[in-house]
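Chain residues, written in single-letter form:
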Amino acid sequence: MIRTHPNDPPLTTGEAADIARITALACLRGGVLTSRQPNRIDRIIDGARTRAEQAAKK
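Residues numbered from 1 in each chain as written. Predicted model: local features only at pLDDT ≥ 70, side-chain atom pairs only at ≥ 80, totals over all residues. Heavy atoms only, no water.

Novice: Just give me the short version of the side chain of Glu15, but keep the residues and values in it.
Specialist: Mapped onto the fold, Glu15 is located in helix H1 (residues 13-28). Residue classification places Glu15 among the buried positions, given a relative accessible area of 16%. There is a polar contact of 2.8 Å between the side chain of Glu15 and the side chain of Arg51. Among residues more than four places away in sequence, those in contact with Glu15 are Pro10, Ile44, Ala48 and Arg51. (Helix = DSSP H or I, 4+ residues; strand = E, 2+ residues; numbered from the N terminus. Buried < 20%, exposed > 50% of the residue type's maximum accessible area, 1.4 Å probe, protein only. Polar contact = N/O pair within 3.5 Å; in protein donor to acceptor, adjacent residues only side chain to side chain. Contact = heavy atoms within 4.5 Å.)

Right, dumping it as structure tokens:
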């Protein structure tokens, strides 16, 4: 698990790679995030948060 920020849930390697890929695409476009890129990152983090909550309940 990869910890990115104290307030964020731990990310799997795949989730961290997806966020890195989305960020790299933004850098290729001159540092401009399109309107859907932040939404995609938020969706990945929300999924990780849900997974972490379910794991904590077990």
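Novice: Outline the pattern of salt bridges, supporting the account with residue identities and numerical values.
Specialist: With the rule as written, the count across this model stands at four salt bridges. Note that Asp46 is salt-bridged to Arg49, the shortest N-O span being 3.3 Å. Here the residue Asp46 and the residue Arg49 both occupy positions in helix H2 (residues 37-57), the gap between them amounting to three residues, near one helical turn. We classify Arg49 as partly exposed; its relative accessible area is 31%. What you see here is one network of salt bridges that share partners, running through Asp8, Asp46 and Arg49. (Salt bridge = Lys/Arg side-chain N within 4 Å of Asp/Glu carboxyl O.)

Novice: Give me the nonpolar core: which residues, what numbers.
Specialist: If you look at the biggest cluster of nonpolar residues, it comprises seven residues: Leu11, Ile19, Ile22, Ile41, Ile44, Ile45 and Ala48. The element contributing the most residues to this core is H2, with four residues. Residues contacting Ile41, with those up to four places away along its chain left out, are Ile19, Ile22 and Thr23. (Core = buried A, V, L, I, M, F, W, Y, C linked by side-chain atoms within 4.5 Å.)

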